[in-house]
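Summary of the model geometry
Below are the chains, spelled out letter by letter.
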Amino acid sequence: MSPVIGVVILVGIVAILAATVGVFALGFSEQQPTRAPQVAIVADYNERTTGNGEYLNLSFSSGDTVYRNNLSVVVSGAKSSGGTDVTLDTNPIQAQASTRITSGTEITIHQGQFTGIPSGDHLDLRDATLRLVWNPADEPESETYVIYRWPDPSQRN
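Described below are features of the structure shown in this document. Because the structure is predicted, anything quoted here is derived from the model rather than measured.

On to the packing of aromatic side chains. Enumeration according to the criterion identifies two aromatic pairs in this entry. Judged by centre distance (5.0 Å) and plane angle (55°), the rings of Tyr45 and Trp150 are tilted. One end of the pair, Tyr45, is in strand β1 (residues 39–46); the other, Trp150, is in strand β12 (residues 145–150), and 105 residues separate them in sequence. A residue is classified by how much of its surface remains accessible, and Tyr45, at 24% relative accessible area, is partly exposed. Owing to a relative accessible area of 11%, Trp150 belongs among the buried residues under this scheme.

Structure follows, in structure tokens:
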């Protein structure tokens, strides 16, 4: 075998190896999950039984900037004071937060955002669970993440 043929074969093998490594490297980087934002939220729960009833204030105290359009509120287990199941009708994030949610942003979850509360009853959040769900809208195949949960399951009686 001539030295020229040997060099051509060697160059071909190197090119195939480089292409294989490139495909694996690019393929694996595309499959990395998107990192959910890290936020610190302080919850202030008021158990009043007068007026509009109970409410929950959420204050973003620190962490990453979150865009309003990527965040939604999910509430389960909310009831009226008479025991009727109620449903969150509006997304408090969309109604109350600016486009960029940063430290100092406050959101209030209250009776006016729920449907199904009979006249004379008030909102009862005692057995409710609230989740802030982040969805990276610019990446349609990415996972959604719960970035905050109230109450903390480890502190519930």
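Here we come to the side chain of His122. Tracing the sequence through the fold places His122 in the loop between β9 (114–115) and β10 (123–124). His122 sits in the buried class, given a relative accessible area of 13%. Apart from residues lying up to four places away in sequence, His122 is in contact with Arg48, Thr49, Gly51, Asn52, Gly53, Glu54, Lys79, Ser80, Ser81, Gln111 and Ile117.

At the junction of Trp150 and Pro151, the peptide bond is cis and its omega measures out at -15° in the coordinates. Its location among the elements puts Pro151 in the segment after β12.

Ordered in space as β4-β11-β12, the three strands form an open sheet in which the pairing is antiparallel. Sheet topology places β4 (71–76) and β12 at the edges, where each strand pairs with a single neighbour. Looking at each pair of strands side by side, their axes are set apart by 25° on average, direction ignored. Bridge count for β4 against strand β11 (residues 129–134) is six bridges, and the pairing is antiparallel. Each residue of the ladder has a partner; that of Val74, found in β11, is Arg131.

What counts as what
Residues numbered from 1 in each chain as written. Predicted model: local features only at pLDDT ≥ 70, side-chain atom pairs only at ≥ 80, totals over all residues. Heavy atoms only, no water. Phe/Tyr/Trp six-rings, centres within 6.5 Å; stacked < 30°, edge-to-face > 60°. Helix = DSSP H or I, 4+ residues; strand = E, 2+ residues; numbered from the N terminus. Buried < 20%, exposed > 50% of the residue type's maximum accessible area, 1.4 Å probe, protein only. Contact = heavy atoms within 4.5 Å. Pairing = 2+ DSSP bridges. Axes fitted to C-alpha atoms, helices over the stretch in contact; angles between N-to-C directions.

That's the geometry; what it means functionally is another story.
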